[in-house]
Amino acid sequence: MVLDVTDATFQTDVIDRSDGVTVVIDLWAPWCGPCRTLGPVLEKVVEEAGPDVELVKVNIDDNPQVAAAFRVQSIPAVFAIRDKAVVDGFIGALPEAQVRQWVEQLAPAPSEADQLAAAGDEDSLRKALELEPDHATAIVSLAELLVERGETDEALALLARIPESPETRRVAALARTGVVADADGFEQKLDALLPRVKADEAARQEYVDLLEVMGTEDPRTAEYRRKLSAALF
């Protein structure tokens, strides 16, 4: 899915996200005919490029701060951000072949560490980290394997090497709680912890960890986050 980014979410959804992937930003407006031509082409090409490149869209009419930051004078305007910096861009509705060529050069060829991390077994993951000690995919995958067999201290030490992300929070929560998704058990645990979260830091951390393990797709997560906010404030 293509994410619609706003002035309020730009820092999180684009700048922070670019630490892990290349984020392509499509600056457009509803009245712009060439934007409507380019949009579907960008979506198709970026989807085919794989997980290392992601596309977001910004309606400049509704989000003037982003437009000002890029000094937009003509649209469509497309920029690529990696590691919190603009690495390339173009203006106008280019043909699909040129868009494809532009996107392909944004995704670097997989390194040896990338290939080892993709294998997913413990030996390969450890070899990947010998080559690139801060390889995020290898760290998260190895940490998850370690958690599954109860070696939580090493798992948490590995996760501490890289910046926090939804995946690192989830695996760290698994390591600290020692639980797996349990449709029946979570609510009982959360309800028992809730009266203690304001005064007891350990209870509060366990409560938050359980929410991380449940994940944002679980409809109960939002409900229990609201309960936590009410209990704290």
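1. A closer look at the packing of helix α11 (residues 201–214) against helix α12 (residues 219–232)
For any two helices packed against each other, one specifies the inter-axial angle together with the distance between the axes.
So, point 1. At a closest axis distance of 9 Å, the pairing of α11 and α12 adopts a crossing angle of 160 degrees. One finds that α11 runs roughly antiparallel with respect to α12. The way α11 lies across α12 gives a crossing that is left-handed. Facing α11, whose interface residues are Arg204, Tyr207, Val208, Leu211, Glu212 and Met214, α12 presents Arg220, Thr221, Tyr224, Arg225, Lys227, Leu228 and Leu232.
So, point 2. Each residue belonging to the contact of α11 with α12 can be placed in one class, and the counts come to seven nonpolar, one polar and five charged.

2. Quick look at the packing of aromatic side chains
So, point 1. Applying the stated criterion to the full structure yields four aromatic pairs.
So, point 2. When the ring of Phe90 is compared with that of Trp102, the centres are 4.9 Å apart and the planes differ by 85 degrees; the resulting orientation is edge-to-face. Of the two residues, Phe90 sits in strand β5 (residues 85–91) while Trp102 sits in helix α4 (residues 96–104), which places them twelve residues apart along the sequence. Trp102 matches Phe90 in its accessibility class, with the two residues each being buried.

3. Details of unusual backbone geometry
So, point 1. Along the chain, Ile75 connects to Pro76 via a cis peptide bond; the corresponding omega equals 5 degrees.
So, point 2. You can see Pro76 is positioned in the loop between α3 (64–69) and β4 (77–82).
So, point 3. For Arg71, which is not glycine, the phi torsion reads 55 degrees and is therefore positive.
So, point 4. Structurally, the position occupied by Arg71 is in the loop between α3 and β4.

4. Regarding the state of the cysteines
So, point 1. This model, assessed by the stated rule, comprises one disulfide.
So, point 2. With its sulfur 2.3 Å from that of its partner, Cys32 forms a disulfide with Cys35. Disulfide Cys32-Cys35: torsion about the S-S bond near 80 degrees, hence right-handed. Like Cys32, the residue Cys35 is buried in the burial classification.

Criteria and cut-off values
- Residues numbered from 1 in each chain as written.
- Predicted model: local features only at pLDDT ≥ 70, side-chain atom pairs only at ≥ 80, totals over all residues.
- Heavy atoms only, no water.
- Axes fitted to C-alpha atoms, helices over the stretch in contact; angles between N-to-C directions.
- Helix = DSSP H or I, 4+ residues; strand = E, 2+ residues; numbered from the N terminus.
- Parallel < 35°, antiparallel > 145°, perpendicular 65-115°, else oblique.
- Left-handed = near helix turned anticlockwise from the far one by under 90°.
- Contact = heavy atoms within 4.5 Å.
- Nonpolar A, V, L, I, M, F, W, Y, C, P; charged D, E, K, R; others polar.
- Phe/Tyr/Trp six-rings, centres within 6.5 Å; stacked < 30°, edge-to-face > 60°.
- Buried < 20%, exposed > 50% of the residue type's maximum accessible area, 1.4 Å probe, protein only.
- Disulfide = S-S within 2.5 Å.

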